[in-house]
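In case you want the letters, here they are:
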Amino acid sequence: MNEPVRPLPRPLVILISGTGSNMQAIVRAAQAQRWRERFGAFVAAVISNRPDAKGLAWAAGQGVPTAVVDHTVYPSREAFDTALAEAIGRYDPHGRALVLLAGFMRILTPGFVQRYAGRLLNIHPSLLPAFPGLHTHRRAIEAGCRFAGATVHQVTAELDHGPILEQAVVPILPGDTPEALAARVLTQEHLIYPRAIERWLREAGA
Ligand code: GRF
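Residues numbered from 1 in each chain as written. Predicted model: local features only at pLDDT ≥ 70, side-chain atom pairs only at ≥ 80, totals over all residues. Heavy atoms only, no water.

### Structural notes on the site of the ligand
As a structural note, the neighbourhood of the ligand is formed by T19, G20, S21, N22, G103, I123, P125, L186 and E189. For the ligand, an oxygen atom lies 3.0 Å from a polar atom in the backbone of G20. Between a nitrogen atom of the ligand and a main-chain N or O atom of I123, the distance comes to 3.4 Å. Relative to its unbound accessible surface of 370 Å², the ligand loses 80% to contact with the protein. If you map the ligand onto the pockets, it falls in the largest pocket. Secondary structure elements with two or more residues in the shell around the ligand: α1 (21–32) and α7 (178–204). The class makeup of the residues in the shell around the ligand is three nonpolar, five polar and one charged. (Near = heavy atom within 4 Å. Polar contact = N/O pair within 3.5 Å; in protein donor to acceptor, adjacent residues only side chain to side chain. Areas by Shrake-Rupley, 256 points an atom, 1.4 Å probe, with all protein chains shown as cover. 1 Å grid on protein atoms, 1.4 Å probe; cavity = no way out; pocket = protein on both sides within 12 Å on 5 of 7 lines; lining within 4 Å. Sits in = over half its atoms within 2 Å of the grid points. Helix = DSSP H or I, 4+ residues; strand = E, 2+ residues; numbered from the N terminus. Nonpolar A, V, L, I, M, F, W, Y, C, P; charged D, E, K, R; others polar.)

So, in structure tokens, the structure goes:
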């Protein structure tokens, strides 16, 4: 009888800068949805540009390898991105890792983005292409929008503008503060990011 074809290993490397609630949702989904058996995919590392990122302790508590590439110790954006790519490489021996920006608050250089073209995803807290950049919830409220949301997209050299994989729409309620809206959007982020990754893994094949 033919042995079932085992998928090639697909490391998932998650980049964070803070709480890492999206990272936590991804770690949980990888386990609950059996990504390793189904796609050979596993969370290989959580890497942060900030040594004090709370998500690092949570990931370590889950037995996930962690690393810090502190952007404040590098003289340029290019030098930081080079060090970041070297750190990712330590968990990606075959150059197949899916790199996931999850609350990662750094703008990456075109060279870094090109290196991971097609396997670099991000989650942004707005309905792109509306409201790229920062303070998305305050801007949506001030613009009188009726809806806000979140987007998972491929990362390209142009900030917050790559091909869209998943979106979630969230109503803006009368009297909403940016904080209340952010919390409502975040619960949807935790659903659409794992959904986008699972679809990417399925479409990427073995
Ligand atoms: C989230 O709103 C996410 O969309 C943005 O960073 C915020 C915090 O994310 N990129 P997390 O809790 O650190 O995952």
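From this point, the narrative continues.
### Side note on the pattern of salt bridges
Scanning the entire structure with this criterion turns up eight salt bridges. With its nearest N and O atoms 2.4 Å apart, the salt bridge here joins R38 to E198. Here R38, found in helix α2 (residues 35–39), pairs with E198, found in helix α7; they are 160 residues apart in sequence, far enough to count as distant. For E142, the salt bridge identified is with R138, shortest N-O distance 3.3 Å. Of this pair, E142 and R138 are both found in helix α6 (residues 136–142), four residues apart, which corresponds to roughly one turn of the helix. Given the relative accessible area of 58%, E142 is considered exposed. (Salt bridge = Lys/Arg side-chain N within 4 Å of Asp/Glu carboxyl O. Buried < 20%, exposed > 50% of the residue type's maximum accessible area, 1.4 Å probe, protein only.)

### Notes on the pairing of strand β4 (residues 98–101)
Residues L98 and L100 point to one face of β4 and V99 and L101 to the other, with burial holding for every one of them. Pairing geometry for β4 and strand β5 (residues 120–124), over three bridges, is parallel. Residue pairing in the sheet places L101 in a bridge with N122 of β5. (Pairing = 2+ DSSP bridges.)

### Quick look at the layout of surface pockets
What the largest pocket holds in volume is close to 1000 Å³. Around the largest pocket sit 39 residues that line it, and G103, M105, I123, P125 and L134 are the ones nearest its centre. Elements with a contribution of two residues or more to the lining of the largest pocket: α1, β5, α6 and α7. Looking at the lining of the largest pocket, the element that brings in the most residues is α7, giving six residues. Taken together, the residues that form the lining of the largest pocket break down as 18 nonpolar, 15 polar and six charged. By volume, the second largest pocket is sized at about 160 Å³. (Points joined across faces, edges and corners; volume = space filled by probe spheres on them.)

### Digging into the sheet that holds β4
In spatial order, the strands read β3-β2-β1-β4-β5-β6-β7; together these seven strands make up an open sheet with mixed pairing. Unpaired on one side and paired on the other, β3 (66–68) and β7 (164–171) mark the two borders of the sheet. Strand-to-strand twist across the sheet, computed as the mean angle between neighbouring axes with direction ignored, equals 20°. Against the sheet, α1 contacts β1 (10–16), β2 (41–48), β4 and β5, and its axis sits at roughly 160° relative to β1. Relative to β3, helix α3 (residues 54–61) is tilted by about 155°, and along the sheet it contacts β1, β2 and β3. (Axes fitted to C-alpha atoms, helices over the stretch in contact; angles between N-to-C directions. Contact = heavy atoms within 4.5 Å.)

Fair warning: the whole summary comes from geometry, so function is off the table for now.
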